[in-house]
Amino acid sequence: MPGSGRRWLDRCMPCLTATAPRGGPRAALADTLAVLREVAREAGGDLTIVTDES
């Protein structure tokens, strides 16, 4: 349902596409990767990030 907003899990494809945001990411890739690295560091985990950007 388009007026229902986003959901954590939406198994209905028409509802998912009606409520999912359009367009690319709102943050720069470098910012997103920095957050992921920080979370992995805080969790004590290993993280390997592979991107197609230089």
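Quick caveat, the model's predicted, so the values are computed rather than measured.

What counts, and where the lines are drawn
Residue numbers run consecutively from 1 along every chain, following the written order of its sequence. Since the coordinates come from a predicted model, pLDDT governs what is reported: local features require at least 70, and pairs of side-chain atoms require 80 or more to be given and counted, while whole-chain, interface and lining totals use all residues. Hydrogens and water molecules were not included; the side-chain quantities draw on all heavy atoms of the structure. By definition, any uninterrupted DSSP run of H or I lasting at least four residues is a helix, any uninterrupted run of E lasting at least two residues is a strand, and each is numbered from the N terminus. We call a residue buried when its accessible area falls under 20% of the maximum for its residue type, exposed when it is over 50%, and partly exposed in between, using a 1.4 Å probe and counting protein chains only. Accessibility throughout is a Shrake-Rupley quantity obtained with a 1.4 Å probe, and a residue counts as covered only by protein chains that appear here. Throughout, a residue-residue contact means that at least one pair of heavy atoms, one from each residue, lies within 4.5 Å. A helix's residues, less one, multiplied by 1.5 Å, set its expected span.

*Asks:* It is not clear to me how the overall build of the chain should be interpreted in this structure. Could you clarify?
*Replies:* Looking only at helices and strands, the chain has two helices and zero strands in total. Counting over 54 residues, the chain shows a buried share of 9%. Entry remark: accessible area of the chain is about 5,000 Å², with carbon and sulfur atoms responsible for 57%.

*Asks:* What is the right way to read the environment of Ala-40 from this model?
*Replies:* On the secondary structure map, Ala-40 appears in helix α2 (residues 29-43). Excluding anything up to four places from it in sequence, Ala-40 contacts Gly-45 and Leu-47.

*Asks:* Would you take a moment to explain α2 for this structure?
*Replies:* An α-helix turns once per 3.6 residues; consequently, residues spaced three or four apart project the same way. With 15 residues, α2 should cover 21 Å at 1.5 Å per step; its first-to-last C-alpha distance of 21 Å lies within 8% of that length. Backbone geometry just after α2 places Gly-44 at a positive phi near 75°.

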